[in-house]
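Structural features, examined
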Amino acid sequence: QVQLVESGGGLVQAGGSLRLSCAASGRTFSSYAMGWFRQAPGKERDIVAAINWSGGETYYADSVKGRFTISRDNAKNTVYLRMNSLKPEDTARYYCAAKWSRVVRITPANYDYWGQGTQVNVSA
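Residues numbered from 1 in each chain as written. Predicted model: local features only at pLDDT ≥ 70, side-chain atom pairs only at ≥ 80, totals over all residues. Heavy atoms only, no water.

**Here we look at unusual backbone geometry**
Convention followed: Numbered from the N terminus, helices here are DSSP runs of H or I no shorter than four residues, and strands are runs of E no shorter than two. Three labels apply to residues, based on accessible area from a 1.4 Å probe with only protein chains included: buried if under 20% of the type maximum, exposed if over 50%, partly exposed otherwise in between.
Phi is positive for Asn-77, close to 55°, though the residue is something other than glycine. Along the chain, the position of Asn-77 falls in the loop between strand E7 (68-73) and strand E8 (78-83). You can call Asn-77 buried: its relative accessible area is 17%. Here Ser-85, not a glycine, exhibits a phi torsion of approximately 50°, which is positive. Secondary-structure assignment places Ser-85 in the loop between E8 and strand E9 (92-100). Classification of Ser-85 by relative accessible area gives partly exposed; the value is 39%.

As structure tokens, then:
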């Protein structure tokens, strides 16, 4: 069982930056692929970024490439999402997810554990 707790969301102006954190419980964090997803009201939950167990493989949605960076610190059981050059269309609830896997996963259905999410609002 893995418990995930996100933090770092908030209100920011367009062009600003935020760093989301996801703290995981358990002693096997390094065995999990991790992902960040987001969901806006009335829309599906979409992949934002994902990272494999070691951090050596990452995936980014086209909409965030060059602006967002996913990283992980296995010693701290934490995965991060650095978000730069934020746009109003980035407004959503951001969720962290974990999957027992050595490789990157990009589909929500692939993930076994989810956090409660953290809200990001970007004003124009």
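**With respect to the environment of Ile-51**
Here is the rule we go by: Contacts between residues were defined by any pair of non-hydrogen atoms, one from each residue, lying within 4.5 Å.
Along the chain, the position of Ile-51 falls in strand E5 (residues 46-51). Not counting residues up to four positions away in its chain, the partners in contact with Ile-51 are Ala-33, Met-34, Glu-57, Thr-58, Ile-70, Ser-71, Arg-72, Val-79 and Val-104.

**Let's talk about the packing of aromatic side chains**
Which entries qualify depends on this criterion: Two aromatic rings from Phe, Tyr or Trp, using only the six-membered ring of Trp, form a pair when their centres are within 6.5 Å; if the ring planes differ by under 30 degrees the pair is stacked, by over 60 it is edge-to-face, and anything between is tilted. Comment: the charge-over-ring label is applied if NZ (Lys) or CZ (Arg) is within 6 Å of the ring centre and within 35 degrees of the ring normal.
Inspection of the entire model under this criterion finds five aromatic pairs. Between Tyr-32 and Tyr-113 the ring centres are 6.2 Å apart and the planes differ by 70°, which places this aromatic pair in the edge-to-face class. One end of the pair, Tyr-32, is in strand E4 (residues 32-39); the other, Tyr-113, is in strand E10 (residues 113-114), and 81 residues separate them in sequence. Among the aromatic side chains, those forming a connected cluster through ring pairs are Tyr-32, Trp-100 and Tyr-113. Above the ring of Tyr-95, the side-chain terminus of Arg-45 is found at 3.7 Å from the ring centroid. Note that Arg-72 overlies the ring of Phe-29, its terminal NZ or CZ placed 4.5 Å from the centroid.

**Observations concerning the state of the cysteines**
Rules: In what follows, a disulfide is any cysteine sulfur pair within 2.5 Å.
Within this structure, the stated rule accounts for one disulfide. Each sulfur in the disulfide pair Cys-22 and Cys-96 lies 2.1 Å from the other. Handedness here is read from the sign of the S-S torsion; for Cys-22 and Cys-96, about -75°, the answer is left-handed. With Cys-22 in strand E3 (residues 18-24) and Cys-96 in strand E9, this residue pair connects regions lying 74 residues apart in the sequence. What makes Cys-22 buried here is its relative accessible area of 0%.

**Let's talk about the side chain of Thr-118**
Tracing the backbone through its elements, the reader meets Thr-118 in strand E11 (residues 118-123). Residue classification places Thr-118 among the buried positions, given a relative accessible area of 10%. Among all residues touching Thr-118, those that are not within four sequence positions of it are Glu-6, Ser-7, Gly-8, Gly-9, Leu-20, Ala-92, Arg-93 and Tyr-94.

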